[in-house]
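# Observations on chain architecture
Here is how the chains run, residue by residue.
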Amino acid sequence: MRYLRSGELAAIRRPRPTDETEFLAAAARSRDLHHPWLAAPDTPEAFAAYLSKIRRRDGSGYLICDRASGAIAGYATISGIVLGALRGGYLGYAAFLPYSGTGHASEGIRLAIEHAFTVLGLHRLEANIQPGNEPSRRVARKLGFRLEGFSPDYLFINGAWRDHERWAITASN
């Protein structure tokens with residue numbers, strides 16, 4: 001397997017159409033873990049839309065894979081990429097069971113951030129996290145994100161407008 005970046009536990013690579021079956025199975029077994037924080041693509045149509053979204057000029061996506069087996073352990077997505085004076089985007093991420101809490105997601109997200117700051121030439125990434133989502137908040141703190149503010153009714157997720165905290169990291173961190 002050719003990876004973009006590798007760490008001790010995890011490596012990142014671009015998603016492919018052939019990942020659909022494994023990705024959908026991982027999303028299905030992790031549905032309760034993610035609810036109500038996010039809804040991972042969990043149908044063939046949603047997976048195809050995800051692939052389309054991350055292939056646009058303003059998006060990029062990465063599968064976080066277990067280095068030992070190559071299995072999909074999670075994913076990270078950068079959306080809303082703006083170049084010019086901002087050079088930033090929005091980072092979303094999720095771990096899949098059984099890799100949640102093992103360090104795979106943290107390492108994979110760190111690798112995606114490094115890729116964004118070097119290869120993509122970004123300077124700033126923002127992660128919007130719901131206040132009750134302690135695992136995602138913990139990952140953001142661990143990776144050096146700083147809490148910058150609070151946005152009420154910020155994103156429509158799982159049928160409701162949800163409050164979010166704005167966390168950010170810059171290449172100079």
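This text goes with the structure placed above it.
Just so you know, these numbers come straight off a predicted model, no measurement behind them.

This brings us to the packing of aromatic side chains. Taken as a whole and assessed by the stated rule, the structure comprises eight aromatic pairs. Seen from their ring centres, phenylalanine 23 and tyrosine 50 are 5.8 Å apart, and the 20° between their planes marks the pair as stacked. You can see phenylalanine 23 sitting in helix α1 (residues 20-29) and its partner tyrosine 50 sitting in helix α3 (residues 44-54), a full 27 residues away along the chain. The same class applies to phenylalanine 23 and to tyrosine 50, which are both buried. You can call phenylalanine 23 buried: its relative accessible area is 0%. Pairwise contacts between aromatic rings join Phe23, Phe47, Tyr50, Tyr75 and Phe96 into one cluster.

The next subject is the pairing of strand β2 (residues 10-13). Going residue by residue along β2, you find Ala10 and Ile12 tucked away on one face and Ala11 and Arg13 tucked away on the opposite face as well. Alignment of strand β1 (residues 5-6) against β2, held across two bridges, turns out to be antiparallel. Its bridge partner being in β2, arginine 5 is matched across the sheet by isoleucine 12. Taking the residues between adjacent antiparallel strands as the criterion, β1 and β2 are bridged by three residues. Relative to strand β3 (residues 60-66), β2 is paired through four bridges, and the arrangement is antiparallel. Within β3, the residue paired with alanine 11 across the bridge is cysteine 65.

Strand order in this open sheet of eight strands is β1-β2-β3-β4-β5-β6-β8-β7, and the pairing throughout is mixed. A strand with exactly one partner marks an edge of an open sheet, and here the two such strands are β1 and β7 (146-157). Taken together, the seven bridges between strand β4 (residues 72-82) and strand β5 (residues 88-95) define a ladder with antiparallel strand orientation. Looking at the pairing, valine 82 lines up with glycine 88 of β5. The strands that helix α5 (residues 134-142) touches are β5, β6 (124-129) and β8 (160-170); relative to β8, the one it contacts most, it runs at about 15°.

How each quantity is defined
Residues numbered from 1 in each chain as written. Predicted model: local features only at pLDDT ≥ 70, side-chain atom pairs only at ≥ 80, totals over all residues. Heavy atoms only, no water. Phe/Tyr/Trp six-rings, centres within 6.5 Å; stacked < 30°, edge-to-face > 60°. Helix = DSSP H or I, 4+ residues; strand = E, 2+ residues; numbered from the N terminus. Buried < 20%, exposed > 50% of the residue type's maximum accessible area, 1.4 Å probe, protein only. Pairing = 2+ DSSP bridges. Contact = heavy atoms within 4.5 Å. Axes fitted to C-alpha atoms, helices over the stretch in contact; angles between N-to-C directions.

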